Amino acid sequence: DLALLALDIRDDGTLEFGDPPGPVTVASVLRAQEHGFIVGSCSDRFLSAQRALWERHGVGYRFVAAKHGLSLVRREFHALRYLHVGDRELDKQVAERAGFDFLWPDEAVTEPWLAWVAVR
């Protein structure tokens, strides 16, 4: 697979169905999936709550993980690039420790990961 996109969704304003709603839309997630991205979430929410959110909004996902589980996700899925989108400094630290690139939600709005498709 081209890349893995891990999104934070815990009460933070990352995804549009978070609380508060964030700038990363369901349409954006679906576009990433259409281009072959592995998409899921890595959050402080219980895994069952993460699954329920994805399912309630009709979005398929390949994984849900605890915040500190990004390194496990990386071991489970092979990809050329790994990206985590989150809204706290802790998200950034966990992502970098696991070897992920990191974006803040407002940086993710423009879907910069789609540029990776062009250089594939």
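Presented here is an overview of the structure given in this document. (Residues numbered from 1 in each chain as written. Predicted model: local features only at pLDDT ≥ 70, side-chain atom pairs only at ≥ 80, totals over all residues. Heavy atoms only, no water.)

### Quick word on the overall build of the protein chain
Applicable threshold: Secondary structure elements follow DSSP: runs of H or I of four or more residues count as helices, runs of E of two or more count as strands, with numbering from the N terminus. The reference for a compact globule is 2.2 Å times residues^0.38; the radius of gyration itself is calculated from the C-alpha atoms. Think of it in three bands: residues with accessible area under 20% of the maximum for their type are buried, residues over 50% are exposed, and the middle band is partly exposed, with areas taken using a 1.4 Å probe on protein chains only. We call two residues contacting when some pair of their heavy atoms lies within 4.5 Å. Using the Shrake-Rupley algorithm and a 1.4 Å probe, accessible areas are obtained, with residue cover drawn only from the displayed protein chains. Charge convention: Lys and Arg are scored as positive, Asp and Glu as negative, and His as well as the terminal groups of each chain are ignored. In this description, the location of a charge corresponds to atom NZ of lysine, CZ of arginine, CG of aspartate or CD of glutamate.
For the protein chain, the count of helices and strands is six helices and five strands. Reading the protein chain from its N end, one meets helices and strands in the order β-α-β-α-β-α-β-α-β-α-α. Rg of the C-alpha trace for the protein chain: 13 Å, near the compact-globule value of 14 Å for 120 residues, within the 12% margin. Within the protein chain, the proportion of its 120 residues that are buried is 48%. Within the protein chain, residue pairs in contact and separated by at least 24 positions form 57% of the contacts whose partners lie at least 6 positions apart. Summed over all atoms, the accessible surface of the protein chain reaches about 5,900 Å², with 51% contributed by carbon and sulfur. Charged side chains in the protein chain number 14 positive and 18 negative. The centres of these two groups are separated by 5 Å.

### Topic: the sheet that holds strand 5 (residues 101-103)
Selection rule: Two strands qualify as a pair provided DSSP detects at least 2 bridges between them. The axes are straight lines fitted to the C-alpha atoms, using for helices just the contacting stretch, and the angles between their N-to-C directions are given from 0 to 180°.
A sheet is described by the order of its strands in space; here five strands give the open sequence 3-2-1-4-5, paired in parallel fashion. The strands lining the two open edges of the sheet, one partner per strand, are strand 3 (63-66) and strand 5. Ignoring strand direction, the axes of neighbouring strands in this sheet form an average angle of 25 degrees. Bridge count between strand 1 (residues 3-7) and strand 2 (residues 38-43): four bridges; the pairing is parallel.

### A closer look at the nonpolar core
Cut-off, in case you're wondering: As used here, the term nonpolar core means buried Ala, Val, Leu, Ile, Met, Phe, Trp, Tyr and Cys residues forming a set that is joined through side-chain atoms within 4.5 Å.
Core analysis: the biggest nonpolar cluster contains 23 residues, and L7, W54, V85 and W113 have the highest contact counts within it. For this core, the elements supplying multiple residues, two or more each, are strand 1, helix 1 (26-34), helix 2 (47-56) and strand 4 (81-85). If sequence neighbours within four positions are ignored, W54 has contacts with L7, L15, F17, V29, V39, G40, S41, V59, Y61 and V64. One finds L4, L70, A79 and Y82 within the second-largest nonpolar core, a separate group that totals 16 residues.

### Focus on the pairing of strand 3
Every other side chain in a regular strand lies on the same face of the sheet, so the side chains alternate between the two faces. The condition that has to hold: Place the viewer so that the strands point away; then a crossover is right-handed whenever the path from the first strand over the helix to the second strand goes clockwise.
Looking at chain direction, strand 2 and strand 3 are connected through four bridges and run parallel. Residue S43 lies in a different strand from strand 3, and its bridge partner there is A66. Crossover connection from strand 2 via helix 2 to parallel strand 3: handedness right-handed.

### Some points on unusual backbone geometry
A positive phi angle is found at E111, which is not glycine, with a value near 55 degrees. Mapped onto the secondary structure, E111 falls in the loop between helix 5 (105-108) and helix 6 (115-118). The buried category is assigned to E111, whose relative accessible area is 11%.

### With respect to helix 1
Turn by turn, an α-helix covers 3.6 residues, leaving residues three or four places apart pointing in a common direction. Under the convention used in this document: This arc describes the spread of directions from the helix axis toward the C-beta atoms.
Regarding helix 1, the residues found buried are V26, S28, V29 and A32. Buried residues in helix 1, looked at end-on, bunch into an arc of 160 degrees, giving them a common side. Looking at the buried positions of helix 1, the neighbouring elements they touch are strand 1, strand 2 and helix 2. Within two residues after helix 1, G36 carries a phi angle of roughly 90 degrees, on the positive side.

Read these as spatial facts, not as claims about activity.
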